[in-house]
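Residue-level structure breakdown
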Amino acid sequence: MVPHHRRMRILLPCLFLMCCAGLGFSATQDDAAKPDKLPGAAQTIIDRLTRADDKLTEEYAKNRAAERTKAITDLQKVLKDTTKTGDLDAANAVKARIDDLKAQNAKDDDTDMLGDKKAAAQDPRKAMAGVWTFEETNGNSGTFDFSSDGTLQVRFGLMNVPGRWDVLEKDKLINIVLVGDPARWVKFPLPVADKMTGDIFDAGKGGIKITRVPAKK
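Please read these numbers as outputs of a predicted model, since none were measured by experiment. Each chain has its residues counted from 1, following the order in which its sequence is written. Per-residue local features of the predicted model are confined to residues with pLDDT of at least 70, and side-chain atom pairs are confined, for both listing and counting, to 80 or more; whole-chain, interface and lining totals are unaffected and use all residues. The basis for every side-chain value is the complete set of non-hydrogen atoms in the structure, without hydrogens or water.

With that out of the way, let us pick up the pairing of strand 2 (residues 141-146). When DSSP finds two or more bridges between a pair of strands, those strands are recorded as paired. Where helices and strands are cited, they refer to DSSP runs of H or I of at least four residues and of E of at least two residues respectively, numbered from the N terminus. Pairing of strand 1 (residues 130-136) with strand 2 involves 6 bridges; the strand directions are antiparallel. Directly across from E135, in strand 2, lies its bridge partner S141. Counting the residues in the hairpin turn of strand 1 and strand 2 gives 4 residues, including G139, whose phi is positive at 100 degrees. Bridge count for strand 2 against strand 3 (residues 151-156) is 4 bridges, and the pairing is antiparallel. Bridging across to strand 3, T143 finds its partner in R155. Linkage of strand 2 to strand 3, two consecutive antiparallel strands, is achieved through a turn of 4 residues, within which G150 is found at a positive phi near 95 degrees.

Given below as structure tokens:
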């Protein structure tokens, strides 16, 4: 009979190898624990809705900025007329509102719709830090947790997979290597954005999409 401590020395490496085998993102986790993959026609509809939602959000931001700019122009005319009347209190009130609208536009120029600083305007190493959800075209999904020190944790199902990541300035890429194996790679193009599409070793070009999870405030 094999002693207990020897059985543990055999069992633990086997469990690690089983975990690494799942790093092909072949979804070795219990499939019953996650939703079934949508059929192609349904996924096409969802993708179309996502694109439309993103476009509407972008258009709303542009229209809001344009309306503010128009209001600023009109208020500046009022400010000029009010100043001529000698009513300095009213003129100061109008100027304060103009300054407020300018500040709001300036803030929106540097922030996204959630009020977070736009990733593209930041150092990519700082911009990537945090939690991102991911979906692959082969149906796998989970989260990436990027640390600013270049380490990474990938979570999907019951698995927690280590990795490292770096910014390749010359190639304009975020390069990820999982479990120290260069054959298990993920790449995203710079600049960093709140939603990105990249390439991954097991799903190919455009095979993975990630979305930033807003930090809790």
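Here the narrative resumes, following the displayed structure.
This next bit is on the side chain of T82. Here T82 lies in helix 2 (residues 40-85). Exposure remark for T82: the relative accessible area of 14% places this residue in the buried category. It only takes one pair of heavy atoms within 4.5 Å for two residues to be counted as in contact. Among residues more than four places away in sequence, those in contact with T82 are D87, A90 and A91. Exposure categories follow from relative accessible area, calculated using a 1.4 Å probe and restricted to protein chains: below 20% of the type maximum is buried, above 50% is exposed, and the middle band is partly exposed.

Any two of the Phe, Tyr and Trp rings considered here, Trp counted by its six-membered ring, make a pair once their centres fall within 6.5 Å; the pair's planes then place it as stacked at under 30 degrees, edge-to-face at over 60, or tilted in between. Counted according to the given criterion, the structure contains 3 aromatic pairs. Taking 5.3 Å as the distance between ring centres and 90 degrees as the angle between the ring planes, the aromatic pair formed by F146 and W165 counts as edge-to-face. A residue pair is termed long-range when its members are at least 10 positions apart, and F146 in strand 2 and W165 in strand 4 (residues 159-168) qualify at 19 residues. In this pair, the class of F146 matches that of W165, namely buried. Here the aromatic cluster, defined as three or more aromatic residues joined through ring pairs, consists of F134, F144, F146 and W165.

Limitation: the analysis is restricted to geometry and does not speak to function.
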